[in-house]
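One-letter residues, chain by chain:
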Amino acid sequence: MIYDNLIFMIPPVTFKEVFEEIGEAKEGLEKIQNYKDVIFWSFSRKDYQKTNWWPQTANTNVSKKLTIRTANTVRKIVRM
């Protein structure tokens, strides 16, 4: 099962800054795609602990610059 998330960057942070701090997604385990001020991040639920972005987004330096929501949560908010 694929787990889809949206990472909202809190201004003034940029994708470049986040990417430089976290690094590449692990090939075959996770995918990231930047679009404006949002990063789309998908990974396999069974392998999430092997991803690069999972532990890095919990890092206090980065976590203060981001807020992460599942795709399902974002869909519910949009429908409100």
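Use the structure listed above.
Please read these numbers as outputs of a predicted model, since none were measured by experiment. (Residues numbered from 1 in each chain as written. Predicted model: local features only at pLDDT ≥ 70, side-chain atom pairs only at ≥ 80, totals over all residues. Heavy atoms only, no water.)

Novice: Residues and numbers for the side chain of N52, please.
Specialist: Relative to the helices and strands, N52 is located in the loop between β3 (38-44) and α2 (53-57). A polar contact of 2.9 Å, which involves the side chain of N52, links it to the backbone oxygen of I22. Among the polar contacts listed, one links the side chain of N52 to the backbone oxygen of E24, at a separation of 2.9 Å. Not counting the four nearest positions on each side in its chain, N52 is found in contact with I22, G23, E24, K26 and E30. (Helix = DSSP H or I, 4+ residues; strand = E, 2+ residues; numbered from the N terminus. Polar contact = N/O pair within 3.5 Å; in protein donor to acceptor, adjacent residues only side chain to side chain. Contact = heavy atoms within 4.5 Å.)

Novice: Please provide a residue-by-residue account of the environment of G23, values included.
Specialist: Counting through the fold element by element, G23 comes out in the loop between α1 (15-22) and β2 (30-35). Judged by its relative accessible area of 18%, G23 falls in the buried class. Sequence separation between G23 and Q56 is 33 residues, and the spatial gap between their C-alpha atoms is 8.8 Å. If we skip the residues at most four places from it in the chain, G23 touches V18, N52 and W53. (Buried < 20%, exposed > 50% of the residue type's maximum accessible area, 1.4 Å probe, protein only.)

Novice: Describe in detail the sheet that holds β3, supporting the description with residues and values.
Specialist: The antiparallel open sheet is built from 4 strands, whose spatial order is β2-β3-β1-β4. Two strands close off the open sheet at either side, each with one partner strand: β2 and β4 (66-70). Each strand of the sheet is rotated relative to its neighbour by a mean of 20°, with strand direction disregarded. The sheet contact formed by strand β1 (residues 2-9) and β3 spans 7 bridges and is antiparallel. Residue pairing in the sheet places Y3 in a bridge with F43 of β3. Its contacts with the sheet put helix α4 (residues 71-79) on β1 and β4, and the angle it makes with β4 is roughly 85°. (Pairing = 2+ DSSP bridges. Axes fitted to C-alpha atoms, helices over the stretch in contact; angles between N-to-C directions.)

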